[in-house]
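Each chain is listed here by its residues.
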Amino acid sequence: MRVILCYIVFLIGMGGIAMADDKPNIVILATGGTIAGSTTSHIETTGYKAGVLSVNSLIQAVPEITNLANIQAEQISNIDSADMTDEIWLTLAKRINILLESNNVDGIVITHGTDTMEETAFFLHLVTKSTKPVVLTGAMRPSSAMSADGPKNLYNAVALASSKNANNKGVMIVMNDRIQSARYATKIHTLNTDSFQSLTSGDMGYIIDGAVYFNFTPVPPHTTKSIFRVDNLNTLPKVDILYSYSNDGLGVAAKALFQSKVKGIVVAGSGAGSIHVFQKKILKDLMQQGLIVVQSSRVGSGIVLANQEDSKIGFIGAKDLNPQKARVLLMLGLTKTNDFRKINTFFKQY
Ligand code: SIN
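Residues numbered from 1 in each chain as written. Predicted model: local features only at pLDDT ≥ 70, side-chain atom pairs only at ≥ 80, totals over all residues. Heavy atoms only, no water.

Colleague: Would you mind showing me how to read the UniProt feature "domain: L-asparaginase N-terminal" (unreviewed entry) in the protein chain here?
Modeller: Mapped onto this numbering, the UniProt entry gives "domain: L-asparaginase N-terminal" (unreviewed entry) at residues 25–217. Overall, residues 25–217 shows 25% helix and 25% strand. The separation of its end C-alpha atoms is 23 Å. (UniProt positions renumbered as here; feature names shortened; annotations may be inferred. Helix = DSSP H or I, 4+ residues; strand = E, 2+ residues; numbered from the N terminus.)

Right, here's the structure in full:
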């Protein structure tokens with residue numbers, strides 16, 4: 001009896017994470033999104049407000065997750081992910097690094113809006129420093145909707161973060177039973193529940209009834225193997241995205257961005273990264289003044305390589321990173337150097 005009593009006191013002393021069983025200890029960090037969205041109608045899947053329910057409400061909707069793991073939760077923000085900020089990214093990344101250093105935490109689940117989930121995921125893939133699993137999930141339908149997808153996605157995310165096989169895989173996204181690498185996943189549909197795909201790599205794995213199956217491990221360096229860190233950062237370099245289109249001859253946006261002190265521009269070029277000849281001329285002038293320019297593509301899949309002549313003067317090919325992900329890598333590259341040659345090596349490597 002006395003032994004049992006001492007053990008209970010020990011558990012309370014561990015700050016709430018139960019150690020009484022061999023279930024993994026998972027921390028859910030909530031940031032908002034449709035998974036925390038709600039409206040009065042069961043029919044509506046648009047026109048609701050994202051980021052209104054607390055993390056505790058999300059957990060209460062899926063009591064089965066406590067069979068998988070001991071759960072702790074923190075509310076980092078409660079926003080529509082379209083409004084994501086560098087400040088929240090840095091807070092989230094630093095918090096994950098602190099939590100995963102503890103022997104009492106085995107994995108992290110982040111609930112997030114789907115609109116910019118791929119950007120946050122790729123950022124965390126490059127700056128979190130642990131081999132333990134970090135998994136992002138969300139929902140395409142608000143919690144109030146008939147057939148809401150949030151509860152199953154949250155269950156799957158906890159199952160994945162609890163899996164021993166999920167170590168050393170980098171940051172992952174789980175939506176609609178698919179496991180995708182933060183390196184490759186992108187949102188490909190505005191409303192469908194099957195809205196995330198990895199067009200160049202395919203799914204990293206899948207989850208069926210809580211069981212985790214992997215197909216591959218991503219090769220480009222991430223987490224502990226990535227050189228990018230957030231420990232000493234309070235801000236991130238300013239980088240913008242410029243869309244390329246027919247008759248884009250004036251270069252007004254490029255000049256305005258440079259005047260507003262952006263350090264880098266990612267061009268969402270046409271086809272394999274082509275930039276309108278007039279816009280390119282203006283970018284070349286700005287590159288002479290220190291602007292770093294990365295060429296990606298608005299197409300949505302495939303590889304962009306700068307041609308030999310353009311590489312010599314500083315154009316950097318984004319490879320298979322879409323514009324929003326190339327922007328993340330360029331921001332992190334600029335935390336290390338302003339030299340386009342070095343930044344080019346980051347794009348070859350990561
Ligand atoms: C958001 O990104 O916060 C809203 C949309 C969504 O989560 O699907």
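Colleague: How should the packing of helix H10 (residues 323–334) against helix H11 (residues 340–349) be read in this particular structure?
Modeller: Each pair of packed helices can be described by the angle between their axes along with the distance between the axes. Packing of H10 against H11 brings their axes to within 10 Å, and their N-to-C directions diverge by 135°. Taken together, the axes of H10 and H11 are oblique relative to one another. Along this stretch, H10 crosses H11, giving a crossing that reads as right-handed. Contacts between H10 and H11 involve Ala-326, Leu-329, Leu-330, Gly-333 and Leu-334 on the former and, on the latter, Ile-343, Phe-346 and Phe-347. Residues that form the contact of H10 with H11 fall into these classes: 7 nonpolar, 1 polar and no charged. (Axes fitted to C-alpha atoms, helices over the stretch in contact; angles between N-to-C directions. Parallel < 35°, antiparallel > 145°, perpendicular 65-115°, else oblique. Left-handed = near helix turned anticlockwise from the far one by under 90°. Contact = heavy atoms within 4.5 Å. Nonpolar A, V, L, I, M, F, W, Y, C, P; charged D, E, K, R; others polar.)

Colleague: Can you help me understand the nonpolar core in this one?
Modeller: Among soluble globular proteins, nonpolar side chains are generally buried collectively. In this structure, Ile-108, Phe-123 and Phe-347 are the most contacted members of the largest nonpolar core, which totals 53 residues. For this core, the leading source of residues is helix H4 (residues 86–101), giving 8 residues. Looking at which domains feed residues into this core, each of domain 1 (6–225) and domain 2 (239–349) gives three or more. (Core = buried A, V, L, I, M, F, W, Y, C linked by side-chain atoms within 4.5 Å. Buried < 20%, exposed > 50% of the residue type's maximum accessible area, 1.4 Å probe, protein only. Domains from an automatic or database assignment.)

Colleague: Looking at this structure, how should I read the UniProt feature "active site" (unreviewed entry) in the protein chain?
Modeller: Per the UniProt record, the feature "active site" (unreviewed entry) sits at Thr-34 and Thr-114. For this annotated set, covering 81 residues, all C-alpha atoms fall within 7.5 Å of each other, a compact arrangement in space. Relative to the helices and strands, Thr-34 is located in the loop between strand E1 (25–32) and helix H2 (55–60). Setting aside chain neighbours within four positions, we find Thr-34 in contact with Tyr-48, Ala-50, Gly-113, Ala-139, Met-140, Arg-141, Pro-142 and Ser-143. Among the structural elements, Thr-114 can be located in the loop between strand E3 (107–111) and helix H5 (117–127). With residues up to four places along the chain from it excluded, the contact list for Thr-114 reads Ser-81, Gly-138, Ala-139, Met-140, Met-175, Lys-187 and Phe-196.

Colleague: Even after reading the chapter, I still don't get the sheet that holds strand E12 (residues 264–269), so can you show me in this structure?
Modeller: Across a sheet, paired strands are connected by hydrogen bonds in the backbone, their directions being either parallel or antiparallel. The sheet built from 4 strands is open, its strands ordered E11-E12-E13-E14 with parallel pairing. The sheet is open, and its two borders are formed by strand E11 (239–243) and strand E14 (316–317), each paired with just one other strand. Those strands touched by helix H7 (residues 252–259) are E11 and E12, and its axis lies near 175° from that of E11. (Pairing = 2+ DSSP bridges.)

Colleague: It is not clear to me how the site of the ligand should be interpreted in this structure. Could you clarify?
Modeller: Neighbouring the ligand are Gly-33, Thr-34, Asp-80, Ser-81, Gly-113, Thr-114, Asp-115 and Ala-139. Thr-114 places a side-chain nitrogen or oxygen 2.4 Å from an oxygen atom of the ligand. Measuring from an oxygen atom of the ligand, one finds a backbone N or O atom of Ala-139 at 3.2 Å. For the ligand, the protein covers 95% of the area, taking 250 Å² as the surface of the free molecule. (Near = heavy atom within 4 Å. Polar contact = N/O pair within 3.5 Å; in protein donor to acceptor, adjacent residues only side chain to side chain. Areas by Shrake-Rupley, 256 points an atom, 1.4 Å probe, with all protein chains shown as cover.)

Colleague: What am I meant to see in the sheet that holds strand E4 (residues 134–137) here?
Modeller: Taken together, 8 strands build an open sheet; the order of strands is E2-E1-E3-E4-E5-E6-E9-E10 and the sheet is mixed. Edge positions in the open sheet fall to strand E2 (70–79) and strand E10 (211–214), since each of these has one partner strand only. If you compare each strand with its neighbour and ignore which way they point, the axes differ by 25° on average. Relative to E2, E1 runs parallel, the two being bridged by 7 bridges. Pairing of Gly-32 across the sheet is with Ile-79, part of E2. The strands touched by H5 within the sheet are E3, E4, strand E5 (171–175) and strand E6 (178–181), with E5 carrying the most contacts at an inclination of about 155°.

Colleague: I tried to follow the pairing of E1 on my own but got confused; where do I start?
Modeller: Two faces belong to every sheet, and in a regular strand the side chains alternate between them. Burial runs high along E1: 8 of the 8 residues are buried. Two strands pair when backbone bridges link them, and E1 and E3 are joined in this way by 5 bridges, in the parallel orientation. Within the sheet, the bridge partner assigned to Ile-28 lies in E3 and is Val-109.

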